[in-house]
Structure formats: structure tokens, C-alpha cells
Amino acid sequence: MAVRPAQFRRALLQTPSRLRQQNTIQHSHPELQHLLSAASSPARLFSSTVTARALNTPDYAVPNPSRPTHFGFQTVTEAEKIERVATVFTSVAESYDRMNDLMSFGWHRIWKDHFVSSLNPGFSPLASGLDPRAPQHILDIAGGTGDIAFRMLHTAHIVNANPDVRVTISDINPAMLTVGKQRSTLLPASQQAALSFVEANAEDLTRTTPLSSPGTANPPTSAIPSASVDLYTVAFGIRNFSNIPAALREAYRVLKPGGVFACLEFSKADAHPLFNTLYKEWSFRAIPLIGQLVAGDRDSYQYLVESIEKFPSQADFRDMIIDAGFVVGGQGYEDLTGGVAAIHKGMKPRA
Amino acid sequence: MPSPPVASRSAGAAAAAARRILHPSPLRPATRWATIKAATTTRTLTTSRHHLPASLSATTPTRTSSRPYHSYSHPPPPGPFTPIESLLLAAAYRHVPTHGFSPKALARGARDAGYLDISATIVPDGVFSLVQWHLVTQREALAARSAALSGDGQKGGGVASRVEALTWERLLGNAEVVGQWQEALAIMAQPSYVPASVKELAMLVDEIWFLAGDVAVDPTWYTKRASLSAIYAAAELFMTNDRSPGFHDTRDFLRRRLEEASEIGNLARSVREWLSFTTSASTNVLRSKGVQI
Ligand SMILES: C[S@@+](CC[C@H](N)C(=O)[O-])C[C@H]1O[C@@H](n2cnc3c(N)ncnc32)[C@H](O)[C@@H]1O
């Protein structure tokens with residue numbers, strides 16, 4: 001491929017003028033032109049969002065099946081990335097918990113607990129028994145196996161005693177959702193009733209389908225309405241997206257004014273050089289090897305490690321969130337465990 | 001943190017520790033006075049380098065930024081808050097007298113501002129940010145009150161009486177939230193918030209000496225700030241239990257402490273009192289939240 005990875009990294013970090021330049025390069029490239037016309041099956045995933053989007057959406061935030069992006073350290077098109085990420089997660093769905101433990105030394109549970117308690121879902125200032133508590137709709141994107149959604153429900157229903165909170169778990173991958181659905185059967189009935197599972201690409205939430213039992217033909221598609229969500233969460237998912245700016249704009253669209261975008265993701269620990277060196281040694285040398293031994297799948301684990309390395313720094317990602325229209329408090333993010341992971345939050349302002 | 005100044009070695013260990021805790025302004029007074037005179041307008045809140053008067057510091061400090069936030073010709077900048085934080089915190093602050101420095105106040109404020117229950121969760125430090133909002137806005141309001149005091153003809157009283165008047169003015173700034181203040185102190189005493197709380201106290205004390213017109217650059221510069229920090233903190237605590245009309249017991253307490261302050265042993269005592277009081281307040285708050293201590 002003619003475009004160097006470094007250029008994509010810049011493209012992802014999107015200074016609009018550079019990107020316009022970038023797009024010219026892509027479209028004039030014969031190989032890509034060819035791909036553009038050949039990309040028939042992923043076209044479904046991208047749908048006709050170009051027309052649906054606001055006119056002022058910059059080019060780089062409009063999904064384009066043929067635009068280059070990165071898959072780990074490789075350069076692929078956005079459409080290819082979707083397919084290959086699907087393969088990765090279908091293959092790790094079963095060993096998923098072990099994988100998270102390996103990549104975070106078990107810290108991911110603590111991070112997730114902190115993430116959820118810092119959002120305090122279901123908390124409402126009105127005295128219980130008197131005023132009605134405000135209902136909340138939480139959308140957990142890339143919610144895979146339900147780790148975040150189940151914690152949200154617990155905090156809302158039990159800790160904050162607010163049963164009027166429902167959670168939609170959404171993932172592009174039915175294999176991951178199926179694992180989540182299975183696990184949800186262990187929850188109390190009232191919590192199960194507040195859950196729904198939908199298949200959707202985070203870059204286009206106008207086309208979602210309910211997770212269907214195998215064999216159901218043509219499940220109906222529907223849109224997540226604009227301004228319908230109080231809290232949008234995405235944990236360890238966003239680095240797998242093909243077009244992060246597009247996903248951020250969809251988050252903005254579906255959130256109510258005042259709604260919160262919250263992201264938990266592996267990040268950069270560069271502030272502590274020694275720690276960083278050790279951590280990188282571990283992730284690049286040990287994790288793929290362990291992936292091979294534990295799950296018999298070296299490549300998927302190699303991808304997961306590389307995708308962390310490719311994800312933008314805390315400040316760059318914060319700027320992408322602001323670019324999508326959100327406002328932030330403080331520096332816009334919180335480092336966890338020295339920056340191995342970070343929480344970013346943004347709020348959709350009133351128009 | 002830089003090592004404690006040589007001069008403090010002679011004092012008791014508690015006093016030395018207190019100085020380290022109550023480290024004052026990042027700017028040398030002479031430098032700062034000069035920059036203020038020059039009416040520079042930039043202000044940074046993030047300066048973390050500590051500078052000591054030349055007589056106390058072995059190395060010659062270099063000035064990395066100017067922080068002349070006393071400029072009279074410019075409105076005070078909004079402090080360390082982003083615009084949306086300021087909006088949410090200002091709205092939440094109105095609920096502090098009834099709901100305390102609590103998530104409840106934050107959520108109610110967000111609703112008043114036309115946002116959602118969840119909106120205030122973007123405020124980075126939650127209830128501590130709300131406490132900071134109080135500290136910063138009260139500190140910044142002091143300059144205007146100081147001007148009013150001078151207008152009342154109090155100017156002639158000398159630096160010491162102006163320090164007392166200004167400290168009292170600042171304490172009155174806590175009156176509306178005095179019922180919530182022990183809880184606020186417990187929040188500030190949480191380990192991750194201690195550095196920011198101590199820095200804010202240092203900035204307040206610096207502001208008071210500045211507004212009182214203290215321009216002396218001598219070894220007492222450091223001691224004066226450390227003493228005032230300790231006395232202010234002790235008076236603030238005293239006030240949380242003061243039921244006397246108009247807090248006049250607190251006013252007496254403040255006056256006595258300032259009079260005694262020339263003796264170094266009293267500084268150590270103020271600090272000890274403050275620490276034990278804060279510790280017990282924090283313990284009580286944690287116990288009330290079900291933590292086993
Ligand atoms: C590492 S898992 C995270 C699961 C869960 N949120 C957690 O924290 O345990 C990443 C998930 O992102 C999903 N994903 C990848 N690309 C996506 C996209 N474009 N839209 C929605 N989900 C996507 C994958 O299918 C996978 O389930």
C-alpha cells in the first residue's frame with residue numbers, strides 16, 4: 001500500500017487540513033479506487049450515513065470503507081479492519097476474561113469498578129419516596145460480554161436503589177454479545193428485564209438489530225434515536241473501531257444535552273519511563289506468547305497489543321472528543337495505574 | 001519538595017514538618033512585587049516550583065513564570081476550572097448550605113443549569129472540586145473586600161491589624177457553609193487531595209499578606225506565611241464549633257493567636273491542634289460512611 005503508517009496515525013489524529021490532503025491521496029490511488037467499488041459486503045455496515053450526517057461533519061469523520069486505517073501495526077482499509085477485528089473477537093470471545101487479566105495484570109476489574117462508581121449511574125438528587133426519580137438510559141457500546149453493563153445495573157438498581165435505569169448493550173460482534181447474554185442469566189430478574197442486547201457498528205447507530213436467536217431471518221433494523229441517551233460508555237472497545245471520529249459523532253448524536261460520553265481504554269504510561277519500558281516488554285514479548293499457549297491464538301493477542309500501542313495519547317484523544325463537540329472538565333481525562341489505562345469523559349452541551 | 005530551609009532546623013520537629021507542609025508561594029516576594037508593579041497580566045496556577053527567600057535557600061531560584069494575579073486593572077481569571085465546570089460548580093454551590101459538599105448538591109446544580117443528573121460526573125474531582133470552588137472564589141473575592149476595608153478608613157492600622165482584618169473577612173466567607181465545613185475539611189484531608197488543599201491555603205495566606213501591604217523581603221517572610229497558615233487553619237476549625245453571635249468567639253480566638261504568634265512554640269501548637277482536629281473530623285466522616293476505623 002502506498003500510504004505509510006505514520007500518515008495514518010496523523011490521519012487518526014486529524015488536523016482537518018492534513019486530512020483533506022490525505023483524502024485526495026486516497027481517492028486518486030487506483031488500487032483504492034478499485035477497492036472502493038469492490039467493497040460490497042462491508043458497504044452494508046457503512047450504510048448511507050454520508051447523507052444522514054450533518055453537513056458540517058468533516059470528511060475524516062464519515063466512515064469510508066476504502067480509507068486506510070491501522071490494524072495493529074498493519075495498514076488496512078476501514079472495511080478490512082471491521083472484518084479482521086470481528087475475527088479477533090470471535091476467536092477470543094471464550095478466553096476473553098483471561099485475556100483481560102493478562103493484559104492488565106488483573107487490574108481491569110478495579111478499573112471497571114472505578115469507572116462505574118465515578119459515573120454513579122442511577123444517582124438522583126431527589127428524595128426517594130417523594131419525587132419520581134429521573135429514568136436513565138445507558139448505552140454500553142462495544143459492551144461485549146457485559147462487564148460494564150452489569151456493574152452499571154448493580155450500582156443503579158442496588159446501590160442507588162433506582163430501578164428506573166435501563167441499559168442497552170451494543171456490540172458489532174454477535175459472538176461477544178451471545179457470551180454476554182449467557183452471563184446475564186445469572187442476574188436478578190429485575191436487572192435482566194432492564195437489559196437489552198443489540199448488534200450495531202458504533203460508527204453508525206442508525207442501523208441496529210436486536211440480538212437474534214440463531215435462525216431468525218431478517219431481524220428488523222432500527223435507529224438509536226438522537227438525544228435519547230443519558231450515558232454512553234465504551235470500555236476497551238474504541239481502539240478497535242475503524243473510524244473513531246465517526247463513532248464520537250454518533251455518540252454525540254444519540255446523547256441528550258447534558259449526556260455524558262465516558263471511555264475506559266488502555267493508554268500511554270510514558271510519564272514513568274522505567275515502568276513504561278517494563279510494561280512494553282511484557283506486552284510485546286509475553287502477551288502474544290501467552291496467547292499462543294493459553295488460547296492457541298498468537299495473532300489475535302499480537303493485534304491487541306499493537307492496537308494499544310497505536311491508540312492516541314491521552315491528550316490527543318481528549319482533543320478528538322472536543323473536536324466532536326463535547327465539553328470537558330479539568331484536563332478531560334484521568335490516568336489509571338500510571339496511565340496504563342485512562343478514563344476520558346465529555347459532556348454534550350446544550351445547543 | 002525541596003529540603004527544609006536551614007533556619008528551621010533549630011525549631012522543633014513539628015514546626016519543621018509544618019513548614020514543609022505549609023510551603024508558601026512559589027514566587028519570591030521581591031520578584032513578585034516587581035512583576036505586580038510592572039502590571040504584567042499573565043497568570044499561571046500550575047507553577048509548582050518552590051522558591052524561598054535568598055537568605056533561606058541554598059540555591060538561587062530561577063523564575064519560571066509570573067503569577068501576578070493581584071492586578072487591579074484586570075478582572076480575576078476564572079481559576080483552575082473549565083467553563084463548563086465553572087457553570088456546574090457555581091450552580092451546585094447554591095445547594096451547599098442545605099446539602100453540603102455532596103454529590104446531591106452537584107446533581108441538583110446540574111438540574112438547575114438545565115442539565116441531567118449524570119452531567120456533573122464530568123467534574124474531575126467531584127465533591128473536592130466543589131470544595132475548591134469555595135476556596136478559590138472566596139480567595140478571589142478578598143481583594144474587593146480589602147478595597148472596601150481601606151475605604152472604611154482602616155488603612156492606617158499597620159500591616160498587623162490589616163492582616164487580622166483580612167483573615168477575619170476570609171473567615172466570614174465560610175459563614176454560610178459553616179455547618180458543612182467539617183465535612184469539607186475531611187474531604188480536603190483525603191490523601192490525594194492534600195497537596196492541592198495545602199497549595200490553596202498557601203495561596204490564600206500569600207494573598208492576605210500581599211493585600212495587607214507586606215513587602216518585607218527578609219527571613220521572616222517565610223515564618224510569617226507559615227504562622228498565618230497555621231493560625232488561619234486553626235481559626236477555621238474553631239469557627240465550625242462556634243455558636244456565639246456573629247462568631248465573636250472566633251474573632252477573639254483569631255486575635256489571641258495572632259498576638260501569640262511571635263513565639264515559635266505557639267506555631268507548633270497551632271499546627272498540632274489543627275492536625276488532630278482534622279484527623280478526628282475525617283475519622284468521624286469516614287465512620288459515618290460505614291468505614292471501620
Ligand atoms: C475488548 S472488548 C471490550 C468488551 C467490554 N466492553 C469490556 O470492557 O470487557 C472490545 C469489543 O469491541 C467490539 N467492537 C469492535 N469494533 C466495534 C465497532 N466498530 N462497533 C461496535 N463494537 C465494536 C468488539 O466486538 C469487542 O466485543
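Everything numeric here is computed off the predicted structure, so don't read it as measured data.

**Side note on the interface of chain A and chain B**
If you look at the interface, chain A gives 26 residues, while chain B gives 18 residues. Buried area between chain A and chain B, both sides added, is near 1,800 Å², and the carbon and sulfur share of it is 64%. Ranking the residues of chain A by area buried against chain B places A:Pro125, A:Met347 and A:Arg350 at the top, with a combined share of 30%. Where chain A meets chain B, there are 0 salt bridges.

**Remarks on the site of the ligand**
Residue and element names in this part refer to chain A. With respect to spatial proximity, 22 residues lie near the ligand, and among them Tyr-96, Ala-142, Asp-171, Ala-202 and Ala-235 are the closest. One of the side-chain nitrogen or oxygen atoms of Asp-171 is found 2.6 Å away from an oxygen atom of the ligand. Ala-202 is positioned with one of its backbone polar atoms (N or O) 2.9 Å from a nitrogen atom of the ligand. About the coverage of the ligand: the protein hides 99% of its 610 Å² of free accessible area. Spatially, the ligand is embedded in the largest cavity. For the shell around the ligand, a count of residues per class yields 11 nonpolar, 7 polar and 4 charged.

**Quick word on the confidence of the model for chain A**
Parts of the model with low pLDDT should not have their predicted coordinates read in detail. Residues and elements named next belong to chain A. Within chain A, residue pLDDT values average 82, and 81% of them lie at 70 or more. At the level of individual helices and strands, chain A shows its lowest average pLDDT in helix H2 (residues 16-28), which scores 36, and its highest in helix H12 (residues 244-254), which scores 98. Note on residues 1-52: pLDDT under 50 across the span, and 74 contacts to partners over four residues away in sequence or across chains.

**Overview of the pairing of strand E10 (residues 341-347) of chain A**
Residues and elements named next belong to chain A. In terms of burial, E10 is a largely internal element, 7 of the 7 residues being buried. Going residue by residue along E10, you find Ala-341, Ile-343, Lys-345 and Met-347 tucked away on one face and Ala-342, His-344 and Gly-346 tucked away on the opposite face as well. Sheet analysis places strand E9 (residues 333-336) next to E10, joined by 4 bridges and oriented antiparallel. Paired with Tyr-333 across the strands is His-344, a residue of E10. The hairpin turn running from E9 into E10, its antiparallel successor, is 4 residues long, and Thr-337 in that turn takes a positive phi close to 45°.

**Describing unusual backbone geometry**
A positive phi is found at A:Ala227, a non-glycine position, where the angle reads about 50°. With phi around 55°, B:Phe247 is a residue other than glycine that occupies positive phi space. Along the chain, B:Phe247 turns up in the loop between helix H10 (220-240) and helix H11 (248-260).

**Overview of the UniProt feature "binding site: S-adenosyl-L-methionine" (unreviewed entry) in chain A**
Residues and elements named next belong to chain A. Per the UniProt entry, the sites bearing "binding site: S-adenosyl-L-methionine" (unreviewed entry) are Thr-145, Asp-171, Asn-201 and Ala-202 in this numbering. Of the residues named above, Thr-145, Asp-171, Asn-201 and Ala-202 line the largest cavity. Exposure remark for Thr-145: the relative accessible area of 2% places this residue in the buried category. Non-local contacts of Thr-145, meaning those with residues more than four positions away in its chain, are made with Tyr-96, Phe-150, Met-176, Val-179, Gly-180 and Arg-183. Relative to the elements of secondary structure, Ala-202 occurs in the loop between strand E5 (195-201) and strand E6 (204-210). Leave out the neighbours within four places in its chain, and Ala-202 touches Ile-141, Tyr-232, Phe-241, Ala-247 and Glu-250.

**Comments concerning the domain arrangement of chain B**
All names here are of chain B. For chain B, the assigned domains are domain 1 (76-127) and domain 2 (141-288). Between domain 1 and domain 2, the residue contacts involve 8 residues of the former and 7 residues of the latter. At the boundary of domain 1 with domain 2, total buried surface from both sides reaches about 650 Å², with 65% on carbon and sulfur atoms. Looking only at domain 1, the three residues that lose the most surface to domain 2 are Pro-97, Phe-101 and Asp-125, adding up to 67% of its buried area. Taken together, domain 1 and domain 2 are joined by 0 salt bridges.

**Quick word on H11(B)**
Structurally, the α-helix is built with 3.6 residues per turn, so residues lying three or four positions apart point the same way. Residues and elements named next belong to chain B. With 13 residues, H11 extends 18 Å between its outermost C-alpha atoms, agreeing within 8% with the 18 Å of an ideal straight helix rising 1.5 Å per residue. Every buried residue of H11 is listed here: Thr-250, Phe-253, Leu-254 and Arg-257. Along the axis of H11, the buried residues cluster in a sector spanning 100°; they form a single face.

**Concerning a nonpolar patch on the surface**
Residue and element names in this part refer to chain A. Where nonpolar side chains cluster on the molecular surface, the patch consists of Phe-105, Trp-107 and Ile-110 and spans about 320 Å² of accessible area. Counting through the fold element by element, Ile-110 comes out in helix H8 (residues 107-119). According to the relative accessible area criterion, Ile-110 is partly exposed, its value standing at 48%.

**Brief notes about the pairing of E6(A)**
All names here are of chain A. Here E5 runs beside E6; their pairing, made up of 3 bridges, is antiparallel. Following the sheet pairing, Glu-199 is matched in E6 by Thr-209. Two successive antiparallel strands, E5 and E6, enclose a turn made up of 2 residues.

**Details of empty space enclosed by the protein**
Residue and element names in this part refer to chain A. Counted by the stated rule, this structure contains 8 cavities of 30 Å³ or more. Its volume calculated, the largest cavity comes out at about 430 Å³. Forming the walls of the largest cavity are 35 residues, and the residues nearest its centre are Ala-142, Asp-171, Phe-236, Gly-237 and Asn-240. Among the secondary structure elements, those contributing two or more residues to the lining of the largest cavity are helix H6 (78-92), helix H7 (96-104), strand E3 (136-141), helix H9 (147-159), strand E4 (165-171) and E5. The residue inventory of the lining of the largest cavity, partitioned by class, reads 18 nonpolar, 11 polar and 6 charged.

Rules used throughout
- Residues numbered from 1 in each chain as written.
- Chains lettered and ligands numbered in written order.
- Predicted model: local features only at pLDDT ≥ 70, side-chain atom pairs only at ≥ 80, totals over all residues.
- Heavy atoms only, no water.
- Contact = heavy atoms within 4.5 Å.
- Buried area = accessible area lost by both parts, 1.4 Å probe.
- Salt bridge = Lys/Arg side-chain N within 4 Å of Asp/Glu carboxyl O.
- Near = heavy atom within 4 Å.
- Polar contact = N/O pair within 3.5 Å; in protein donor to acceptor, adjacent residues only side chain to side chain.
- Areas by Shrake-Rupley, 256 points an atom, 1.4 Å probe, with all protein chains shown as cover.
- 1 Å grid on protein atoms, 1.4 Å probe; cavity = no way out; pocket = protein on both sides within 12 Å on 5 of 7 lines; lining within 4 Å.
- Sits in = over half its atoms within 2 Å of the grid points.
- Nonpolar A, V, L, I, M, F, W, Y, C, P; charged D, E, K, R; others polar.
- pLDDT = per-residue confidence, 0-100.
- Helix = DSSP H or I, 4+ residues; strand = E, 2+ residues; numbered from the N terminus.
- Buried < 20%, exposed > 50% of the residue type's maximum accessible area, 1.4 Å probe, protein only.
- Pairing = 2+ DSSP bridges.
- UniProt positions renumbered as here; feature names shortened; annotations may be inferred.
- Domains from an automatic or database assignment.
- Expected span 1.5 Å × (residues − 1).
- Arc of directions from axis to C-beta.
- Patch = residues over 30% accessible without salt bridge, like charges linked within 9 Å, V, L, I, M, F, W, Y side chains within 5 Å.
- Points joined across faces, edges and corners; volume = space filled by probe spheres on them.

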